[in-house]
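Residues per chain are reported as follows:
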Amino acid sequence: MRVTPYGAVRTVTGSMHLVETGGLRLLLDCGLFQGRRAESQEVNASLPFPASSIDAVVLSHAHLDHCGNLPTLVSQGFNGPIYCTPATRDLAALVLRDSAKVQRQDIRFVNKIRRRQGQKPVTPLYTGKDAERAIRRLATVPYGQTFSIGPARVRFYDAGHILGSAITVLEADGRVLGFSGDLGRLGAPIVRDPEVPPAVDLLLMETTYGDRLHQSYAEGEARLTEVVMETAQRGGKVLIPAFALGRTQDLIYSLRRLRESGHLSSLPVFVDSPMAVDATAIYRRHPECFDEETRGRLKRRDPFGFKEVRYVRLQAESQQLNDMAEPFVVIATSGMCESGRIRHHLRQHIGDPRSTLLIVSFQAAHTLGRRLAGGTSPVNIFGEPHEVRLQVRVLDSFSAHADRDELLAWVGRLPRVGQVLCVHGEESQSLVFADRLTSRGFTVRVPERGEQFTV
Ligand SMILES: [Zn+2]
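As the structure is a computational prediction, the values presented were derived from the model and not from experiment. (Residues numbered from 1 in each chain as written. Predicted model: local features only at pLDDT ≥ 70, side-chain atom pairs only at ≥ 80, totals over all residues. Heavy atoms only, no water.)

Enquirer: Before we move on, could you go through the overall build of the protein and cite the residues and values that matter?
Expert: Scanning the protein from terminus to terminus reveals 14 helices and 22 strands. A globule of 455 residues ought to have a C-alpha radius of gyration of about 23 Å, and the protein, at 22 Å, matches this closely. Counting only C-alpha atoms and orienting by the principal axes, one finds that the protein spans roughly 65 × 60 × 40 Å. Put simply, the protein has 455 residues, and 57% of those count as buried. Partitioning the contacts of the protein with sequence separation of at least 6, the portion at a separation of at least 24 is 75%. Accessible surface, the protein: about 18600 Å² in total, of which carbon and sulfur atoms supply 48%. If the 57 positive side-chain charges of the protein are averaged to one point and the 50 negative ones to another, these points end up 5 Å apart. (Helix = DSSP H or I, 4+ residues; strand = E, 2+ residues; numbered from the N terminus. Rg over C-alpha atoms; globule rule 2.2 N^0.38 Å. Buried < 20%, exposed > 50% of the residue type's maximum accessible area, 1.4 Å probe, protein only. Contact = heavy atoms within 4.5 Å. Areas by Shrake-Rupley, 256 points an atom, 1.4 Å probe, with all protein chains shown as cover. Lys, Arg positive; Asp, Glu negative; His and termini not counted. Charge placed at Lys NZ, Arg CZ, Asp CG, Glu CD.)

Enquirer: I'd like a description of the pairing of strand E1 (residues 2–7), backed by residues and values.
Expert: Where burial is concerned, most of E1 is hidden: 5 out of the 6 residues are buried. Note: E1 against strand E22 (residues 453–454), 2 bridges, orientation antiparallel. If you follow Arg-2 over to E22, its bridge partner there is Thr-454. Two elements, E1 and strand E2 (residues 16–21), share 5 bridges in a ladder whose sense is antiparallel. Pairing of Thr-4 across the sheet is with Leu-18, part of E2. (Pairing = 2+ DSSP bridges.)

Enquirer: Tell me about the sheet that holds strand E12 (residues 238–241), residues and numbers included.
Expert: In space, the 6 strands of this open sheet follow the order E14-E13-E15-E12-E16-E19, with parallel pairing throughout. Among the strands making up the open sheet, the edge pair consists of strand E14 (309–312) and strand E19 (391–394). Taken over all neighbouring pairs, the strand axes of this sheet differ in orientation by 20° on average, direction set aside. Here 4 bridges tie strand E13 (residues 269–272) to E14, and the two strands are oriented parallel to one another. Looking at the pairing, Asp-272 lines up with Val-312 of E14. Its contacts with the sheet put helix H8 (residues 274–285) on E13 and E14, and the angle it makes with E14 is roughly 115°. Contacts between helix H11 (residues 342–349) and the sheet are confined to E12, E13, strand E15 (329–332) and strand E16 (356–359), with E12 contributing the most and set at about 150° to the helix. (Axes fitted to C-alpha atoms, helices over the stretch in contact; angles between N-to-C directions.)

Enquirer: Which residues make up the packing of helix H7 (residues 247–260) against helix H9 (residues 292–300), and what values do they have?
Expert: One way to put it is that H7 packs onto H9 with a least axis distance of 13 Å and a crossing angle of 65°. Note on packing geometry: the crossing formed by H7 with H9 is left-handed. In this structure, H7 uses Tyr-253, Arg-256, Arg-257 and Glu-260 to contact H9, whose residues at the interface are Glu-293, Thr-294 and Arg-297. For the contact of H7 with H9, a count of residues per class yields 1 nonpolar, 1 polar and 5 charged. (Left-handed = near helix turned anticlockwise from the far one by under 90°. Nonpolar A, V, L, I, M, F, W, Y, C, P; charged D, E, K, R; others polar.)

Enquirer: Quick one: what's the story with the domain arrangement of the protein, residue by residue and with numbers?
Expert: Per the domain assignment, the segments making up the protein are domain 1 (2–212 + 400–454) and domain 2 (217–394). Taken over C-alpha atoms, the centre of domain 1 sits 28 Å from the centre of domain 2. Listed per partner, the contact involves 23 residues of domain 1 and 24 residues of domain 2. Each partner contributes to the roughly 2100 Å² buried at the junction of domain 1 and domain 2, and carbon and sulfur atoms together form 67% of this total. On the domain 1 side of the contact with domain 2, Leu-163, Pro-189 and Ile-190 bury the most area, a combined 32% of that side's loss. At the boundary of domain 1 with domain 2, the tally comes to 1 salt bridge. Summed over the shared surface of domain 1 and domain 2, the result is 6 residue pairs in polar contact (both at pLDDT 80 or more). Its residues assigned to classes, the side of domain 1 that touches domain 2 comprises 15 nonpolar, 3 polar and 5 charged. (Domains from an automatic or database assignment. Buried area = accessible area lost by both parts, 1.4 Å probe. Salt bridge = Lys/Arg side-chain N within 4 Å of Asp/Glu carboxyl O. Polar contact = N/O pair within 3.5 Å; in protein donor to acceptor, adjacent residues only side chain to side chain.)

Enquirer: I'd like a description of helix H4 (residues 86–116), backed by residues and values.
Expert: For the α-helix, the turn length of 3.6 residues means that residues three or four positions removed from each other point alike. The end-to-end C-alpha distance of H4 is 46 Å, a good match for the 45 Å that 31 residues give at a rise of 1.5 Å each. A positive backbone phi angle near 70° is found at Gly-118, which sits one or two residues after H4. (Expected span 1.5 Å × (residues − 1).)

Enquirer: Break down the coordination of the zinc ion for me, citing the residues and quoting the values.
Expert: Where a metal carries four tetrahedral donors, each ideal angle is 109.5 degrees; where it carries six octahedral donors, the ideal angles are 90 or 180 degrees. Protein coordination at the zinc ion: the donors are His-61 (NE2), His-63 (ND1), His-161 (NE2) and Asp-182 (OD), at 2.2 to 2.3 Å from the metal. Considering all 4 donor atoms around the zinc ion, the spread of angles at the metal, 91 to 168°, places the coordination shape in the irregular class. For the zinc ion, the donor residues sit on a single chain with the sequence spacing H-x1-H-x97-H-x20-D. In terms of burial, His-61 and His-63 fall into one category: buried. (Donors = N, O, S within 2.8 Å, 3.2 Å for Na, K, Ca; no water. Tetrahedral: all angles 85-135°; square planar, octahedral: opposite > 155°, others 65-115°.)

Enquirer: Break down the pattern of salt bridges for me, citing the residues and quoting the values.
Expert: All told, the structure shown has 28 salt bridges when counted by the stated rule. Measuring nitrogen to oxygen at the nearest pair gives 3.3 Å for the salt bridge that ties Glu-293 to Arg-297. Of this pair, Glu-293 and Arg-297 both sit in helix H9, separated by 4 residues, roughly a single helical turn. Owing to a relative accessible area of 11%, Arg-297 belongs among the buried residues under this scheme. Several salt bridges share partner residues, and in doing so they unite Glu-221, Arg-256, Arg-257, Glu-260, Glu-293 and Arg-297 into one network.

Enquirer: Outline unusual backbone geometry, supporting the account with residue identities and numerical values.
Expert: With an omega of 5°, the peptide bond running from Thr-333 to Ser-334 counts as cis. Here Ser-334 shows up in the loop between E15 and H11. The step from Ser-377 to Pro-378 runs through a cis peptide bond, and the omega angle for that step is -5°. Positive phi, normally seen in glycine, also occurs at Ile-190, with a value near 70°. Within the secondary structure, Ile-190 is located in the loop between strand E10 (175–179) and strand E11 (200–206). When its relative accessible area of 0% is taken as the criterion, Ile-190 is described as buried.

Right, dumping it as structure tokens:
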């Protein structure tokens, strides 16, 4: 068996690995590479192999950096099945349709500028039609069922990262390959804890937080309560930028729990993102992925709804929030403040010292979220400078990724690991994590893009 990591190597985006065994050519993930525009376009459009040479894809979960380049693969000639769990299929369909829409809007903007500069228009990476064709190829297999792809036997284990996320174990020719996908945290809301797979000869392992520790969920909820209550007492608004998929549902779940236990007083909570509304509806349809606590709650009532929460789909309704004088919490996309409705709320409240921007997710370099988290002022929103007078607070406990100690504990529980390849992490995180594993007796590599490993 030969394994070639092609994406999310010494970086966190564009997850994609080629597995070759007994004549089968299989891709693990086909994620979108996200970075500067020109570079991203180039990386995403030029696949390092002919798309038609790939027999099948196995998808770990529905985040864009894991599934977002599937329409490119299909548009360039791939016509095999794409295996994933049932919840991943539903979420991936939502993500791919949204991604095609974003590409269309993006390219319109780029071409407007190019026209002004007298340059030829460019075409989008893929269209809505390509996305639909990719969606039709999604084939579902639940956790814990062994299925065959040519000479390989494959099984999904729960990765506990977002709804439907899977660890993949593939066996062929007497060798076993494990792929962690993204690993969740212990005790995270809604989803179960990550499962531990059986012995593997080679393990492709994520290292997003290979050198960082998070606060516990309990501490996180305590601080969330503190921030919301203090802001409400000042008469301000709490703005929470969050990914539509996963983080938003986790936050709603926690706010609901705090409200029920009496820690949080009555306060309107708005989920202001059409995609988050759709994603939450998909969460409701997949109780088979819930942990015991969430299943228990489900028997009594909706875990994603409570009296004070409102899901906002229409833009006009979103704009009406500007006129509300009383305190509220608003959760809006995007998670790094680069696009979406969060920017409108920021523009409205950035000059108000009573209000709080609460950052709960990873902020990549060069994003508005990162600048705000770092205390930059003024910042540009929609091309205009704004003094930052609202409070900015950062909470890392709502991360959907295992931290360093959780990653170490997980890999330590596998009965046997022949070799570990550290992927899906900024280089500094992957290298430090690899050192830690080496000092614990593991055979470890941080691969280069396109490096081949034979098992
Ligand atoms: Zn993910």
